[in-house]
Amino acid sequence: MDFKSLLQEDGFILLDGGMGTMLQANGLVPGDIPEIMNVTHPELIESIHKSYLDAGSMVVYTNTFGANRSKLEGSGHTVSELIGAGAAIARKAVSSASHKAYTALDLGPVGQLLEPTGSLSFEEAYNIFKEQIIAGADTDLIVIETMSDLYETKAALLAAKENSDKPVICTMTFEESGRTFTGCSVSAMAMTLEGLGADAVGVNCSLGPDGLYDILDELASSVSIPIAAKPNAGLPNPETGAYNTTPEEFARQTARLSEIGVKIFGGCCGTSPEFIRLLAKELEGLRPIKREVRKHSAVCTPAKTVVIDQPRIIGERINPTGKKCFKEALMNNDIDYILGQAIEQVRAGADILDVNVGLPDIDEKEMMVRTVKAIQGVTDLPLQIDSTIPEVLEAALRVYNGKPIVNSVNGEEKSLSVILPIVKKYGAAVVGLTLDENGIPKTADERFAIAQRILDRAMKIGIPKEDVFIDCLTLTASAEQDAVMETVKAVHRVKNELGLRTVLGVSNISFGLPNRELVNCNFLQMCLTNGLDLPIINPNAALMTGAVRAYKLLTGIDRNSMDYIRAYKDVSFSSSATPKDSSQSDGSKSGETMNLSYAIENGLKGEAGKITAELLKTTDPMDIVNEMLIPALDKAGDDFEAGRIFLPQLILSAGAAQSAFEAIKNNMSGDKTVSKGKVVLATVKNDIHDIGKNIVKVLLENYGFEVIDLGRDVEHQAVVDAAIEHDVRLVGLSALMTTTLKDMEATVKLLHENNVNCKIVVGGAVLTPEYAEKIGADFYAKDAKETVDIARRVYGVT
């Protein structure tokens, strides 16, 4: 039986436990590359596999977690060499097992942040994973694990699906907040990865089994595919490195996950064959339960899921049709203008943004990819990809992070046969236009028939019913007055008889008429009453957005009028009862609103630099830093700490601030007084994880500090020498592994022994405030923002 068939069987699947834990117990030196042991100590790797198989594991992970070209650079070994060796060792081990067992190609994160928060492109990440998957062809399945970035997970999953026919298990790592390190939610992970074709999804690492219970419970009700759980053995003790959950406790707690529908079990950090043996024993006599999965129409980005269980506004402004300024922006590659349009609509109340960059004089495919990537860098709203060209749609879907809407397919055979398979491959929702080879039908009945045809074809190729949205098409009232009510009737029938979500471009109704907004607003209310779910409107038009809010209030969707009051409690109204708004008639924002704080808050690097350059003509540079830049960054930091924004948005705000700082530095012609002070940063000896340290560096620099970055795996004495040479008042040390905490302690001790006149701040996932105090550090920072606060305190700056 192959593994895909096993997934469908009525029984549990038992994975292995921690490989790193076992290697460290057998002499792996912290900082060494574990995968090299596939060629230097193959017998040890095989013995670990066999010990898990003897304990009852049905699947062993190859020792290839970090065997990618990025992490192996400078090692003298190749990806194909180490993965090939690892796959062969695992194959040899399972061949002698006493029961049927399988080998899993193990793929972990690349080790770099992906765009827009980092420098690694989606395409390069895909190629890195592709190389690994081809090298690991001699395995039974592929496991993508310990992921915190949904975008990176998508790159790996696409690489697996396009370069292999093997089943794929994807597991991400969540924190106690219920989100990953980069802010990805469980719901976004679920709908994105199932949509992309993962054969099973789940959670590994980070927490113990009890800590993962609620996260897995939410996941189990969100996907129809099997659920996997590979928890840690609790949490590690910073001093000893030992985990706080015994094998017996781990087995009992992990087996309890079966009651919420987990089918695939294993262990991660801190677990050993004994953990797996006891877990197998606990699972004896239990059977997987039948899960109830909530089916609903929804789209998402990593940080935001929009469930279409009530009217949701699709913003229409990112579209060149009838917009001279937008056309000029496309012609001039002015991405900042487009981003401004996105941010305006977010602030005005849009729930989803339509993105259309179709213009005859540009490369639409290239511009669409650039635009989608850029917009996702400044807002967490889901997008609707709008194009008539299949190649453009596929290129955009490929780089989109989450689950979008495709606009659109129609009832023509060519459209159905070309567009729907693309939608299916990328797990998107799709808008179906009720037109075909004969054009737009005049009657509601004919449009309904096309909607039925689109639904049938979509479901036939595996697109769920809840992912099909129907646009019954708005015709111009001035030219086809009788068609208005046909559209309304069609919306009603599609919603109530087919049970589908409905979409309409509302403003088409008033084309060629005076006082268009009055017509638009009344038509919108008519359609909402008849079942319109997704009005495509200009959210900057206050009456249109207000009509949707009022509808939700009056129909009881907005319970206790909370959303309505939140939107209007601070808005002053003119005698015409139209909210005062800073939007121009064309939906663009008035110039006075686009200030430096606005640019930083929204991550607009280009605008931040331009605004700063203009400010420098009339404002002292240090006034800009102290009165504008730092307060804007503080607001971003406060929002991050309060959970209103997540790491990607925080880094983008810092990037915009960096653009402003660069303008100031250039203006000061070498004057370094803009610097708030110097800070030495290092990831300690034997620790090769530096993503956290790099994030701290970005934030410190954008608060005006000069950073001396020593990199990763830094010798104790090198930190001391740098602190003395640069005469710094603050040294920051990072460690991610419990095995390298002794190196952090040794570095701190050496700084004290050399009487270096500086404060020491330490941080990392495995640290605690108590341990920081024990080793003699002056400060413990729980995240990058707190490190900045400490630096400001040390240097006495505000």
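The model shown is predicted, which means the values in this text are computed figures rather than measured ones.

Moving on, we come to the nonpolar core. Counting residues in each nonpolar core, the largest one holds 247 residues, and the members touching the most others are Val 201, Leu 216, Leu 219 and Leu 733. Top element by residues in this core is helix α26 (residues 647–667). It accounts for 9 residues. One finds Val 299, Ala 429, Val 431 and Leu 433 within the second-largest nonpolar core, a separate group that totals 15 residues.

Turning our attention to the confidence of the model for the protein chain. With 96% of its residues at a pLDDT of 70 or more, the protein chain has an overall mean of 92. Throughout residues 575–592 the model reports pLDDT below 50, and contacts reaching past four residues in sequence, or to other chains, amount to 26 contacts.

Looking now at the pattern of salt bridges. Counting across every chain of the model gives 41 salt bridges. The partner of Arg 256 in a salt bridge is Asp 210, and the shortest N-O contact between them spans 3.6 Å. Note that Arg 256 is positioned in the loop between α11 (247–255) and β8 (264–265) and Asp 210 in helix α10 (residues 209–220), a separation of 46 residues in sequence. By relative accessible area, which is 35% here, Arg 256 ends up partly exposed. A relative accessible area of 42% places Asp 210 in the partly exposed class. The residue Asp 639 makes a salt bridge to Lys 635 at a minimum N-O spacing of 3.0 Å. Placement of the pair is Asp 639 and Lys 635 together in helix α25 (residues 621–641), with a separation of 4 residues, close to one helical turn. The class of Asp 639 is buried, set by a relative accessible area of 11%. Through salt bridges with shared partners, a single network forms among Arg 347, Glu 601, Lys 635, Asp 639 and Arg 644.

In this section: the sheet that holds strand β1 (residues 13–14). Sheets are built from strands paired through backbone hydrogen bonds, the pairs being either parallel or antiparallel. Spatially, β1-β8-β7-β6-β5-β4-β3-β2 is the arrangement adopted by the 8 strands of the open sheet, whose pairing is parallel. The open sheet has two edge strands with one neighbour each: β1 and β2 (59–61). The pairing of strand β6 (residues 200–204) with strand β7 (residues 227–230) spans 4 bridges and is parallel. Its bridge partner lying in β7, Val 203 is registered against Ala 229.

Let us now look at the packing of aromatic side chains. Under the counting rule described, the total for this entry stands at 7 aromatic pairs. Aromatic side chains Phe 12 and Phe 265 sit 5.4 Å apart centroid to centroid with 80 degrees between the ring planes, which places their arrangement in the edge-to-face category. Of this pair, Phe 12 sits in the loop between α1 (3–8) and β1 while Phe 265 sits in strand β8; the two residues are 253 residues apart in sequence, bridging distant segments of the chain. Taken individually, Phe 12 and Phe 265 each receive the classification buried, so the pair is uniform in this respect. An angle of 50 degrees between the planes, with centres 6.0 Å apart, marks the rings of Phe 705 and Tyr 795 as tilted. Placement of Phe 705 in strand β20 (residues 705–709) and of Tyr 795 in helix α31 (residues 784–795) is noted, with a sequence separation of 90 residues between them. Pair check on accessibility: Phe 705 and Tyr 795 agree, each one buried. The ring of Tyr 61 has Lys 230 sitting right over it, with the charged end atom 4.2 Å from the ring centre. We note Arg 398 situated over the ring of Tyr 126; from NZ or CZ to the ring centre the distance is 4.9 Å.

Glancing now at the packing of helix α20 (residues 516–529) against helix α21 (residues 542–554). Where α20 meets α21, the closest approach of the two axes is 9 Å, and the angle between their N-to-C directions is 25 degrees. Here α20 is positioned roughly parallel relative to α21, judged by the angle of their axes. Crossing of α20 over α21 shows right-handed handedness. Here Glu 517, Asn 520, Cys 521, Leu 524, Gln 525, Leu 528 and Thr 529 of α20 lie close against α21, whose contacting residues are Ala 542, Leu 543, Met 544, Ala 547, Val 548 and Tyr 551. Counted by class, the contact of α20 with α21 contains 9 nonpolar, 3 polar and 1 charged residues.

Tracing the backbone shows Cys 300 in strand β9 (residues 298–300). A sequence separation of 233 residues divides Cys 300 from Asp 533, and the C-alpha atoms of the two residues are 16 Å apart. Ignoring any residue separated from it by four or fewer positions in sequence, one finds Cys 300 in contact with Ala 188, Met 191, Thr 192, Thr 305, Pro 382, Tyr 400, Asn 401, Gly 402 and Lys 403.

This paragraph deals with the packing of helix α4 (residues 42–55) against helix α6 (residues 79–95). Where α4 meets α6, the closest approach of the two axes is 9 Å, and the angle between their N-to-C directions is 40 degrees. Considering the angle they form, α4 stands oblique to α6. With respect to the hand of their crossing, α4 and α6 are arranged in right-handed fashion. When α4 is examined against α6, the residues Pro 42, Ile 45, Glu 46, His 49, Lys 50 and Leu 53 are found in contact with a partner set consisting of Ile 89, Ala 90, Lys 92, Ala 93 and Val 94. Taken together, the residues of the contact of α4 with α6 break down into 7 nonpolar, 1 polar and 3 charged.

Looking now at the domain arrangement of the protein chain. According to the domain assignment, the protein chain consists of domain 1 (3–283), domain 2 (298–539), domain 3 (582–667) and domain 4 (678–794). Counting from both sides, the interface comprises 11 residues of domain 1 and, opposite them, 14 residues of domain 4. Between domain 1 and domain 4, roughly 1,100 Å² of surface is buried when both sides are summed, and carbon and sulfur atoms account for 69% of that area. Applying the counting rule to domain 1 against domain 4 returns 0 salt bridges. At the junction of domain 1 and domain 4, the tally comes to 0 residue pairs in polar contact (both at pLDDT 80 or more).

Turning next to the sheet that holds strand β23 (residues 779–780). On the basis of which strands lie adjacent, the open sheet formed by 5 strands has the order β20-β19-β21-β22-β23 and parallel pairing. Two strands lie at the open edges of the sheet, namely β20 and β23, each paired on one side alone. Bridge count for strand β19 (residues 677–683) against β20 is 5 bridges, and the pairing is parallel. Within the sheet, the bridge partner assigned to Gly 677 lies in β20 and is Phe 705.

Of note, Ser 507 is situated in the loop between β17 (501–505) and α20. Using a relative accessible area of 18% as the deciding quantity, one classes Ser 507 as buried. Apart from the residues lying within four places of it in its own chain, the contact partners of Ser 507 are Glu 316, Arg 516, Asn 520 and Ile 536.

Here helix α14 (residues 335–348) is 14 residues long and its end C-alpha atoms lie 20 Å apart, about the 20 Å a rise of 1.5 Å per residue gives. With 11 of its 14 residues buried, α14 lies for the most part within the structure. For α14, the complete set of buried residues consists of Ile 335, Asp 336, Ile 338, Leu 339, Gly 340, Gln 341, Ala 342, Ile 343, Glu 344, Gln 345 and Ala 348. Where α14 terminates, the next one or two residues include Gly 349, which has phi positive at roughly 125 degrees.

This paragraph deals with unusual backbone geometry. Along the chain, Glu 115 connects to Pro 116 via a cis peptide bond; the corresponding omega equals 5 degrees. If you trace the backbone, Pro 116 turns up in the loop between β3 (102–107) and α7 (122–135). A cis amide bond links Asn 407 with the next residue in sequence, Ser 408, at an omega value of 25 degrees. As for its placement among the helices and strands, Ser 408 is situated in strand β14 (residues 405–410). Even without a glycine there, the phi angle at Cys 205 is positive, about 65 degrees.

The subject of this paragraph is the pairing of strand β12 (residues 352–355). Neither face of β12 is left uncovered, since the one carrying Ile 352 and Asp 354 and the one carrying Leu 353 and Val 355 both have all their residues buried. Here strand β11 (residues 314–318) runs beside β12; their pairing, made up of 3 bridges, is parallel. For Ile 314, the partnering residue across the bridge sits in β12 and is Ile 352. With 3 bridges joining them, β12 and strand β13 (residues 383–386) adopt parallel strand pairing. Each residue of the ladder has a partner; that of Asp 354, found in β13, is Gln 384. Note on the crossover from β12 through helix α15 (residues 364–378) to β13: the handedness is right-handed.

Rules used throughout
- Residues numbered from 1 in each chain as written.
- Predicted model: local features only at pLDDT ≥ 70, side-chain atom pairs only at ≥ 80, totals over all residues.
- Heavy atoms only, no water.
- Core = buried A, V, L, I, M, F, W, Y, C linked by side-chain atoms within 4.5 Å.
- Buried < 20%, exposed > 50% of the residue type's maximum accessible area, 1.4 Å probe, protein only.
- Helix = DSSP H or I, 4+ residues; strand = E, 2+ residues; numbered from the N terminus.
- pLDDT = per-residue confidence, 0-100.
- Contact = heavy atoms within 4.5 Å.
- Salt bridge = Lys/Arg side-chain N within 4 Å of Asp/Glu carboxyl O.
- Pairing = 2+ DSSP bridges.
- Phe/Tyr/Trp six-rings, centres within 6.5 Å; stacked < 30°, edge-to-face > 60°.
- Lys NZ or Arg CZ within 6 Å of the ring centre and 35° of its normal.
- Axes fitted to C-alpha atoms, helices over the stretch in contact; angles between N-to-C directions.
- Parallel < 35°, antiparallel > 145°, perpendicular 65-115°, else oblique.
- Left-handed = near helix turned anticlockwise from the far one by under 90°.
- Nonpolar A, V, L, I, M, F, W, Y, C, P; charged D, E, K, R; others polar.
- Domains from an automatic or database assignment.
- Buried area = accessible area lost by both parts, 1.4 Å probe.
- Polar contact = N/O pair within 3.5 Å; in protein donor to acceptor, adjacent residues only side chain to side chain.
- Expected span 1.5 Å × (residues − 1).
- Right-handed = clockwise from strand over helix to strand, strands pointing away.

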